[in-house]
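# Summary of structural features
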Amino acid sequence: MKSFHDLITERRSIRRYTDRPIDAEDVRLILEAAMMAPTSKSTRSWQFVCVDKPELLQRLADCKPAGALPVKNCPLAIVVTADPAKTDPWIEDASIAATYMQLQAADLGLGSCWIQVHGRQTADGTPSDEFVTSLLGMPEELPVLCIITIGHPAEERKPQNLDKLTWENVHINSWTPDTAE
Ligand SMILES: Cc1cc2nc3c(=O)[nH]c(=O)nc-3n(C[C@H](O)[C@H](O)[C@H](O)COP(=O)(O)O)c2cc1C
């Protein structure tokens, strides 16, 4: 079994996938991972819409004019939302669940990519989350955070380069080292 550190070093965003479908058991494990993510006050108010119909994936990819191409060629896209009426940190809750899914997918040897929806617009200026909720028949009041595309990788990416980590963004005791007592 890979160590957690190796897993996160090797995980990269994968945007191209083979035609091979994802095993149902792997889909279950990915969703299980999402539902084990921590949430504020344990509200667990996320909702996940799994999309695997090819014609629906083609249409879902129109949620924004750039950056959504992986939705077109993935065998599975999981739309991630959480209910702001139930939890004010809905973005945080949904983000952690989405991240857990990406890590679980990586652990299964699958590739994934986060496709941002919240705050984006379609080519004609419609908010991307309205486009997604309408396409998938979701409740209008649920804001869509992102879509996680998942599939068997059809591209190879180098692992993270540990020599290029931004250690300059880490501060100890004080922003400026020489003002620290
Ligand atoms: C909040 C967020 C939004 C992102 N939106 C997109 C997106 O819309 N389309 C896309 O192809 N990748 C998207 N990504 C993936 C990033 O581009 C990717 O994580 C980044 O380039 C670092 O590469 P890595 O994941 O391979 O380390 C997003 C990632 C995050 C965390």
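Residues numbered from 1 in each chain as written. Predicted model: local features only at pLDDT ≥ 70, side-chain atom pairs only at ≥ 80, totals over all residues. Heavy atoms only, no water.

## Some remarks on the state of the cysteines
- All chains considered together, the criterion is met by zero disulfides.
- Cys-63 forms no disulfide, and the closest cysteine sulfur to it belongs to Cys-146, at a distance of 11 Å.
- This cysteine, Cys-74, is not joined by any disulfide, and Cys-113 carries the nearest cysteine sulfur, 9.9 Å off. (Disulfide = S-S within 2.5 Å.)

## Focus: the nonpolar core
- Within the largest apolar cluster, 23 residues are counted, with the highest numbers of intra-cluster contacts made by Ile-30, Phe-48, Ile-78, Val-80, Met-101, Ile-148 and Ile-150.
- Contributing elements (two or more residues each) for this core: α2 (24–35), β1 (46–51), β2 (76–82), α5 (90–107) and β4 (144–151).
- By residue number, the principal contributor to this core is α5, which donates six residues.
- Beyond its immediate sequence surroundings of up to four residues, Phe-48 is in contact with Leu-31, Ala-34, Met-35, Ile-78, Val-79, Val-80, Ala-97 and Met-101.
- Counting residues in each nonpolar core, the second largest holds 21 residues, with Cys-63, Val-79, Cys-113 and Ile-147 among its members. (Core = buried A, V, L, I, M, F, W, Y, C linked by side-chain atoms within 4.5 Å. Buried < 20%, exposed > 50% of the residue type's maximum accessible area, 1.4 Å probe, protein only. Helix = DSSP H or I, 4+ residues; strand = E, 2+ residues; numbered from the N terminus. Contact = heavy atoms within 4.5 Å.)

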